[in-house]
Structures are given as structure tokens and as C-alpha cells.
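# Observations on the three-dimensional arrangement
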Amino acid sequence: MSKQMKGLGVGLTAAVGTVHVVAPAQPLPAWGRSSIGAEAEMDRLRGATAAVVADLDRLAAGADHTTAEIFEAMKMWLEDDGLLEIAEEHLNEGSDAAGAIGQAFNAFAAMFEGDAAFEERIADLQDLSRRVQAHLAGIHLGLDLPQTGRLVLVGEDFSPADTAQFTPAVVGVITRAGGPTSHTAIICRARSIAAVVSVTDAGSLVDGQTVLVDPVGDRVVVDGSITDATKPLEFADTDAATLIPVRSNIGTAADAKTAAATKANGVGLFRTELLYLSASTQPSVEQQAASYAEVLAAAPDGPIVVRTIDAGSDKPVPFLNMPHEENPSLGVRGFRLIVEHRQFIADQLTSLEAARKSTGREVWVMAPMIATVDEAAEFAALARSIGDFKVGIMIETPAISMQVDRLSGVVDFVSIGTNDLSQYLFAADRMNPALGALLNPWQPGLIRMLAKIGTDGAAAGVSVGVCGESASDPAFAVVLAGLGITSVSASPSQVNVVSNALASVTLEQAKAVAAAALSGTDAASAKAAALEALAATR
Ligand code: PEP
Ligand code: MG
């Protein structure tokens, strides 16, 4: 019998190919003390960073739009004066070039730690650090993949620069690490490459083996054939009305433009943290208003749901001077900043109101990390005293999930952040790849909680959206609609496929798919039952 390996499937189409193991690159040399002096080390560093910028330009020229944009953002890190300034301090203390730049990148990455929304940025920074250090050491990092054949790449995980080197021969990807929101997962989903991530046994695969990559079945089958694949789902491309609105998640004006080119009906989550994370001093109300106006003007037609800052001591905003915490994800983050930084949140709302007026867009505002009805009421009163917004909160804690019925008349809408809700419901750190199975949205514990929120929201007259990654899975989006969720918000690359799925079912059918998902006693059986019910609607 063929050997099967379990993992987390990405996307809906399967592929068979030949295993091509991507060996870990030669290890980078340990950091040391300089023997040539700070000035000469700085020259080497400038040369290495320029070489990496040139590499990124070369890769971007042949890459798709999404990947090319990632490289543009990565180049900006390399060209940031702050990076070389930090490196220079280490050089002056006697570090060699590799140690100085490595520590400078670590300092940048520390600013983003603790929030999965920035997981990719941390990975990008680590990748850049590795690339500059490899150039300094003369180590080659290219994947050198063949152009023809049917390859299934097997590796620990793949960075943006790795995925940009995927040739047309790559039909499948298997990674040992990485969860449902890893860069590999996002790129493979966007490019329809069959992928299964978090495959603990991936290390036992060897070059030349034939494997079936079966994302719908969450498995890899050695010597499997395409006829063994769990039935893939395809949804016809259509502009027909979707069962519930499908919005887009964005973080920047560039994201807003990308989203505007999709079928998105407005924005379901604008993560505003970016504006603050790259600022070393507090931006003025005028500066914030200008940045928001740029994003609002570029966003797809429809309402734009803006989330007030979601920062905590784990993701320090330098000018807020937040103290160190033992358990940052359980600490002062999101709306809890209101105690020490009320003016900061009020300024954000004032800037949004100015941007709303100047662009004429419909703006909804919501607060992250709400745990009590009192917090929801406090945010609603503040937001309504400042602007003409629809006002809502994110549902990310089990505590507020159990009190949605009490939000009637308090807020206009709620939006479920399934990334954090899973983390707190399962007591599983969302940054820990070893816990990917608990963070799988098909877990019955999460589906039951979503069902309760949907039912309670409808009874309370509060609209309930979902903006966590789970809504980017088209089959799961159908389950959500069947559970009474009234809108979903997906990453821009997934908006069209989620829209196609939600245009292909009636409410009755979605309810049947949701009932099937609810019947599952574990993630695998919940997903299998839902997919079978969905297939029966075709
Ligand atoms: C979530 O928690 O699901 C969410 C959408 O917010 P973030 O990922 O930014 O924490
Ligand atoms: Mg969250």
C-alpha cells in the first residue's frame, strides 16, 4: 500500500510529480570580530547590499505581480538608511560585516514579532539578512531548477526569493514547516500550485520518487496517481451576485489597488498598523489623514472597514514606549491600549473622519482584541463622538464570542478574526508552526463557535463578517455563509475564487454544507463532509 503523509492542504487542485528535494543552503559562517576595521567592513556591506538589490531586480523582472511587489518592499528595507545606521553602530563596536548586518536585521524584525499579520515581513527580513550574509561569504543561494518536467519541490519552507525561482516545471510543493498562512501557502494558492504544508514526515521523501500532492485530502501519497486524489472542486468564473458580500483584506495603498482589480465588494479589513510600525515618531493627524485618504481613494467600491491600531508590547510602536511583557499575546494589545493611549486612538479616528470626508468613501471602523461588552460600548461611544462611521468590533476572544447577543444596540457590526480566535480558543500560539493542526479552521471547536456567533448575531440584529484567513478558503467561505455569517473578507489573491464559490450556491445549499461541516468530529472529517456536501451541489 502506498505511503501517506498528513499535512495541511493549500488550494483545491491536486498534482502528481517527481520529488525534487531542495537541500538546505550551506550554513552561513558564524559572526566574528573584524580584522579589517569598520570602514572596510562598511564598504563590503554596501557592496553586498547592492548585489542583493540587483538580484531582487533580476528576480522581479521575471516574477508575477504579487511576487514583484514583495521584492519592491524588500528592496525598501535594504535601502532604508536606518538599517545601515544600526549596522554601523555594531561595526564601530568591532563586529564584522556579517555580524553587524545580521544584528541590524534582527533589530528590525523584533519590531514585528508576535503578530501573524507581520509573520511574512519577519520572514522577508530574515531572508534578506541571509542573502546579504551569503553574498559576504560568497555562498550561492539559487535553487537552479530545471525548466521542464513535473517537479514536486520538497523543503523546509520557501521564502519569496525562493518562490520567485519556481520554474513552469514546478507542479507541486511540500514543506515540513509553515502553517496555513505561510508565504509558501499564499503563493501556491495564488498560482494554483498544488501544495501541502506542515508535513512532519517530509524529510523522508527522496529525489526521483513519484508523489501525489493532494491538498483537498490534506495529504501526500507516495506512488499515488491523480485518480487517487480527493475530488477537487472547481467553481466557474462568474460575475453573478455572491450569496454574501466578498470583501478584501488590505494593509497598504498598493494592496488597495490590487484589491480594486478583483471582484471585491469593498474592504473588510484595513490593517492600519503599517503606518505606525515604520514611524519612529508619532505621525500627526494631518499625516495620518493623508495616508488614509490615499488608501480609501484606491480601495475597491463598497464600504471600507478600518481597524484601529492592533499593537502591543510584542509589536512595539516605538513612540508609545510600551513596557516589556512576559506573555505579549495575552497582554496590553489592541483596544487595551485605550487605558494609556486614549488620545492616540482618538487621533486615529479623527484622521479617518477627515479622510472619509475628503474622499467621500463609506468608512466603517472597528476595534481589535475586545473581550467585554463594556469595551465594545466604550469604543462605540468614542468612535461615534468623532466621526460619521458605522461602528463595530472584532471578535477574537472566546469571552466576547459568548456575548454577541448583548451587542444589540451597542455596535452596528462585528468581524470575526479567526486567526486570533483560534489562537485563544485552542490556547495555541499562532506563530508556532508545530501547532498548525490546532490552528486549522476546520477544527470542530472553532466551527461550533462560529455557528453560535452567526446565530446570536442574527438574533441581535448585528451583522457578522469574517476577516481571518479562513475566509480565503472558498469551501470554508461557503460554510461561513451557511452558518449565518453575513460577509467575508479574503486576501486579494483569493477574492475572485471565493466570489466564484459564493456565487455558485444558494443559501439552502450553503446551510447543508455548514451542517455537514458541523457533523465532523475532527478537522479532517469536518472538511471531508463539507466538501462532499459541496460536491453534491454541483
Ligand atoms: C485575525 O486575528 O483573524 C485578524 C484578522 O487579525 P490579525 O491577523 O491582523 O491579527
Ligand atoms: Mg487578530
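Shown above is the structure to which this text applies.
Residues numbered from 1 in each chain as written. Chains lettered and ligands numbered in written order. Predicted model: local features only at pLDDT ≥ 70, side-chain atom pairs only at ≥ 80, totals over all residues. Heavy atoms only, no water.

For the protein chain, the helix and strand inventory stands at 19 helices and 16 strands. Rg of the C-alpha trace for the protein chain: 23 Å, near the compact-globule value of 24 Å for 538 residues, within the 12% margin. Along the three orthogonal principal directions, the C-alpha set of the protein chain runs to about 70 × 65 × 40 Å. Counting only residues that meet the buried cut, the protein chain has 56% of its 538 residues in that class. (Helix = DSSP H or I, 4+ residues; strand = E, 2+ residues; numbered from the N terminus. Rg over C-alpha atoms; globule rule 2.2 N^0.38 Å. Buried < 20%, exposed > 50% of the residue type's maximum accessible area, 1.4 Å probe, protein only.)

To continue, consider the coordination of the magnesium ion (ligand 2). Coordination of the magnesium ion (ligand 2) by the protein comes from E396 (OE) and D420 (OD), over a distance range of 2.0 to 2.1 Å. Of the two residues, E396 sits in the loop between β13 (390–395) and α13 (398–401) while D420 sits in helix α14 (residues 418–425), which places them 24 residues apart along the sequence. Residue E396 shares its accessibility class with D420, and that shared class is buried. (Donors = N, O, S within 2.8 Å, 3.2 Å for Na, K, Ca; no water.)

What follows covers the pattern of salt bridges. Under the counting rule described, the total for this entry stands at 19 salt bridges. The closest approach of N and O atoms between R130 and D127, which form a salt bridge, is 3.0 Å. A residue pair is termed a helical-turn pair when its members lie 3 or 4 positions apart in one helix, as R130 and D127 do in helix α5 (residues 119–137) at three residues. By sharing partners, the salt bridges in this structure join D127, R130, R131 and D162 into a single network. (Salt bridge = Lys/Arg side-chain N within 4 Å of Asp/Glu carboxyl O.)

The subject of this paragraph is unusual backbone geometry. Of note in the backbone geometry, D144 takes a positive phi value of approximately 50° without being a glycine. Following the sequence through the fold, D144 ends up in the loop between α5 and β4 (151–155). Residue D144 is classed as exposed on the basis of its relative accessible area, which comes to 58%. With a phi angle near 55°, M369 is a residue other than glycine that sits in the positive phi range. Here M369 is to be found in the loop between β12 (363–367) and α12 (373–386).

Take the site of ligand 1 next. Close to ligand 1 lie 15 residues, the nearest being R271, R307, G417, N419 and R430. Between ligand 1 and E396 there is a distance of 3.0 Å, counted from an oxygen atom to a side-chain nitrogen or oxygen. Within the backbone of G417, an N or O atom sits 3.4 Å from an oxygen atom of ligand 1. A total of 290 Å² of accessible area belongs to ligand 1 in isolation, and the protein chains cover 100% of it. Sorting the residues of the shell around ligand 1 by element identifies β10 (267–271) and α14 as the ones contributing at least two each. With three residues, α14 is the single largest residue contributor to the shell around ligand 1. When the residues that make up the shell around ligand 1 are grouped by side-chain class, the tally is four nonpolar, four polar and seven charged. (Near = heavy atom within 4 Å. Polar contact = N/O pair within 3.5 Å; in protein donor to acceptor, adjacent residues only side chain to side chain. Areas by Shrake-Rupley, 256 points an atom, 1.4 Å probe, with all protein chains shown as cover. Nonpolar A, V, L, I, M, F, W, Y, C, P; charged D, E, K, R; others polar.)

Turning to the packing of helix α1 (residues 38–61) against helix α3 (residues 81–92), a few remarks are in order. Any two packed helices are characterised by the angle at which their axes cross and by the distance between the axes. Look at α1 against α3: their axes get within 9 Å of each other, and the N-to-C directions meet at 145°. In this structure, α1 crosses over α3, and the sense of that crossing is right-handed. Contacts from A38, E41, M42, L45 and R46 in α1 reach L84, A87, E88, L91 and N92 in α3. Class assignment for the residues of the contact of α1 with α3 results in six nonpolar, one polar and three charged. (Axes fitted to C-alpha atoms, helices over the stretch in contact; angles between N-to-C directions. Left-handed = near helix turned anticlockwise from the far one by under 90°. Contact = heavy atoms within 4.5 Å.)

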